[in-house]
Amino acid sequence: MPASPRDTNILVASLLRDLASVQKTTQSKWGYQRAAQAILNLDEPIERLLLPDGTLRKIPNVGPSSLRVVMEALETGASPTVEQAIAAAGRGADVAKSRALRVNFLSRAQVMAALRNPRLREPRPADYRGDLQMHSVWSDGSDSLHDLIEACIARGYRYCAITDHSYGLPIAGGVSMADLARQHDEIDRLNESFAGWFRMLKGIEANIRSDGSIDMKADELARIELVVASPHSSLRSPADQTPRMIAAVTAPGVHILGHPRGRMFGSRPGVTARWDDVFAAAARTKVAIEIDGDPARQDLDFELARRAVDAGCLIAIDSDAHSGAELRYADTALAHARLAGVPTDRVVNCWSVERLLEWANLRRVQH
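Below is a short write-up of the structure.

The rules behind the values
Residues numbered from 1 in each chain as written. Predicted model: local features only at pLDDT ≥ 70, side-chain atom pairs only at ≥ 80, totals over all residues. Heavy atoms only, no water. Buried < 20%, exposed > 50% of the residue type's maximum accessible area, 1.4 Å probe, protein only. Helix = DSSP H or I, 4+ residues; strand = E, 2+ residues; numbered from the N terminus. Right-handed = clockwise from strand over helix to strand, strands pointing away. Pairing = 2+ DSSP bridges. Axes fitted to C-alpha atoms, helices over the stretch in contact; angles between N-to-C directions. Parallel < 35°, antiparallel > 145°, perpendicular 65-115°, else oblique. Left-handed = near helix turned anticlockwise from the far one by under 90°. Contact = heavy atoms within 4.5 Å. Nonpolar A, V, L, I, M, F, W, Y, C, P; charged D, E, K, R; others polar. Polar contact = N/O pair within 3.5 Å; in protein donor to acceptor, adjacent residues only side chain to side chain. Phe/Tyr/Trp six-rings, centres within 6.5 Å; stacked < 30°, edge-to-face > 60°. Lys NZ or Arg CZ within 6 Å of the ring centre and 35° of its normal. Expected span 1.5 Å × (residues − 1). Salt bridge = Lys/Arg side-chain N within 4 Å of Asp/Glu carboxyl O.

Re the pairing of strand 6 (residues 288-292)
Phase 1 of the analysis: Where burial is concerned, most of strand 6 is hidden: five out of the five residues are buried.
Phase 2 of the analysis: Where burial is concerned, the two faces of strand 6 agree: the one with Ala-288, Glu-290 and Asp-292 and the one with Ile-289 and Ile-291 are both buried.
Phase 3 of the analysis: Regarding the hand of the β-α-β motif, the stretch spanning strand 5 (residues 256-257), helix 11 (residues 275-285) and strand 6 is right-handed.
Phase 4 of the analysis: Where strand 6 lies against strand 7 (residues 315-318), four bridges are found, and the strand directions are parallel. The partner of Ile-291 across the bridge, within strand 7, is Ile-317.

This is the structure in structure tokens:
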């Protein structure tokens, strides 16, 4: 199985994040953070921007002080400037913790490389038929359902699932059951309008409570075509949460375990669990394990996704988009799937809508 190549863009961006974390002024902190994000978003490795005279082609939002770090990293793989700033601030331990939380993240450049790499044979971008986790104005997203459909069609999709947050997560604008009914009426109208072109599934992103139960009642889940259950609490605890996650993937009505760890780049480790046990339980119940493509999440990453495949799991490849522009985050999830060697037939997003609905109905709570 091909390994993920060295990702210089991640290295450089991480150094700039470290430098941002020890700044004394908000302006300086934001400046280094913007530079880091600009490098993470590059479509090509930063070393390809080197000019014949040894200088670097201009990158928007990367100023002279950030450029010094970039050049040091390109020359030596490290940055004395950053290390000296960390030492002077007395923040070595904090930075070390943050660095440990950046394992197996991909920059945009490495995502694009994985999508183009002929050695990574599946799943192919052309096999991907629809995104099964996204958020609209009904919860904490910024686009309407109609606009999301148009954005999906522009990417060549045949279906999607709208998975706004459930009412158990009010901080994310969780949808009440009354509002969900109105959303379903809107989805029915849109599906009628786009019949033969596109199908929008009535989904939800439910919250996994600390005991592994889902924050919706059985009769409520029965109204929903596709349920993504995700952890949104206890994401920094080192305590083993295997029973919680097994309870979630064996709960009636759950189709997909969303961003299983709930990790965040450089800041949050996410759920600690015996993941092979969780994957074995999910394989038995035919609950898909998600690779969430949000660049700050990338959860599962390619190494853990390989273990899910070895356990026999189905896989969902999703963007977790909160706008049409963020649908491209599915590329990141697809890159991890390709690096993990996920068989195309195991990816629920690569199925026809008829096969997808047949699987979803088997897991759906019946009235």
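Here we look at the packing of helix 6 (residues 108-116) against helix 13 (residues 329-340)
Phase 1 of the analysis: Across the interface, helix 6 lies against helix 13 with an axial gap of 9 Å and an inter-helix angle of 55 degrees. Judged by the angle between their axes, helix 6 and helix 13 are oblique. The element helix 6 and its partner helix 13 pack so that their crossing is left-handed. Contact residues: helix 6 offers Arg-108, Val-111, Ala-114 and Leu-115, while helix 13 offers Asp-331, Thr-332, Leu-334, Ala-335, Arg-338 and Leu-339.
Phase 2 of the analysis: Of the residues assigned to the contact of helix 6 with helix 13, the class counts are six nonpolar, one polar and three charged.

Structural notes on the pairing of strand 2 (residues 159-162)
Phase 1 of the analysis: Of the two faces of strand 2, the one carrying Tyr-159 and Ala-161 and the one carrying Cys-160 and Ile-162 are both buried.
Phase 2 of the analysis: With two bridges connecting them, strand 1 (residues 130-131) and strand 2 associate as parallel partners. Along strand 2, the bridge assignment pairs Gly-130 with Tyr-159.
Phase 3 of the analysis: Handedness of the crossover is the feature at issue here: the chain leaves strand 1, passes through helix 7 (residues 145-154), returns alongside strand 2, and the resulting connection is right-handed.
Phase 4 of the analysis: Across four bridges, the pairing between strand 2 and strand 3 (residues 199-208) is parallel. Across the sheet, residue Tyr-159 finds its bridge partner in strand 3, namely Arg-199.

Digging into the side chain of Thr-81
Phase 1 of the analysis: Its location among the elements puts Thr-81 in helix 4 (residues 80-89).
Phase 2 of the analysis: Owing to a relative accessible area of 18%, Thr-81 belongs among the buried residues under this scheme.
Phase 3 of the analysis: Among the polar contacts made by the side chain of Thr-81, one reaches the side chain of Arg-68 at a distance of 3.2 Å.
Phase 4 of the analysis: When sequence neighbours within four positions are dropped, the list of residues in contact with Thr-81 reads Arg-68, Val-69 and Glu-72.

What about the sheet that holds strand 2?
Phase 1 of the analysis: Spatial ordering of the open sheet is given by 1-2-3-4-5-6-7, a layout of seven strands whose pairing is parallel. The sheet terminates laterally at strand 1 and strand 7, the two strands that pair on one side only.
Phase 2 of the analysis: Contacts between helix 10 (residues 242-249) and the sheet are confined to strand 3, strand 4 (226-231) and strand 5, with strand 3 contributing the most and set at about 150 degrees to the helix.

Considering the packing of aromatic side chains
The way to describe two aromatic rings as a pair is by their centre distance and the angle between their planes.
Phase 1 of the analysis: The final tally for this structure, using the stated rule, is four aromatic pairs.
Phase 2 of the analysis: Consider the rings of Phe-105 and Phe-265, whose centres lie 4.9 Å apart with planes at 75 degrees: the pair is edge-to-face. A residue pair is termed long-range when its members are at least 10 positions apart, and Phe-105 in the loop between helix 5 (92-100) and helix 6 and Phe-265 in the loop between strand 5 and helix 11 qualify at 160 residues.
Phase 3 of the analysis: Exposure remark for Phe-105: the relative accessible area of 5% places this residue in the buried category.
Phase 4 of the analysis: Across the ring face of Phe-105, the terminal group of Arg-263 is positioned such that the distance to the ring centre comes to 3.7 Å.

Considering helix 2 (residues 26-40)
Phase 1 of the analysis: For helix 2, which comprises 15 residues, the first-to-last C-alpha distance of 21 Å matches the rise-based estimate of 21 Å (1.5 Å per residue) to within 8%.
Phase 2 of the analysis: For helix 2, the set of buried residues is Tyr-32, Ala-35, Ala-36, Ala-38, Ile-39 and Leu-40.
Phase 3 of the analysis: In this structure, the buried residues of helix 2 make contact with helix 1 (8-21), helix 3 (64-76) and helix 6.

Details of the side chain of Asp-301
Phase 1 of the analysis: Structurally, Asp-301 can be placed in the loop between strand 6 and helix 12 (302-310).
Phase 2 of the analysis: Taking the relative accessible area as the measure of exposure, Asp-301 reaches 4% and is therefore buried.
Phase 3 of the analysis: Those residues in contact with Asp-301 that sit more than four places away from it in its chain are Asn-104, Arg-261, Arg-263 and His-336.

Considering the pattern of salt bridges
Phase 1 of the analysis: Within this structure, the stated rule accounts for 21 salt bridges.
Phase 2 of the analysis: Two residues, Arg-91 and Asp-94, come together in a salt bridge whose shortest N-O distance is 2.9 Å.
Phase 3 of the analysis: Residue classification places Arg-91 among the partly exposed positions, given a relative accessible area of 28%.
Phase 4 of the analysis: Overlapping salt bridges bring together Asp-18, Glu-83, Arg-99 and Arg-102 as one network.

Considerations on helix 6
Phase 1 of the analysis: The element helix 6 is extensively covered by neighbouring structure, given that seven of its nine residues are classed as buried.
Phase 2 of the analysis: Along helix 6, the positions that sit buried rather than exposed are Arg-108, Ala-109, Gln-110, Val-111, Met-112, Ala-114 and Leu-115.
Phase 3 of the analysis: On its buried face, helix 6 sits against helix 1, helix 2 and helix 13.

So, to be careful, I would describe these as geometric facts and stop short of saying anything about function.
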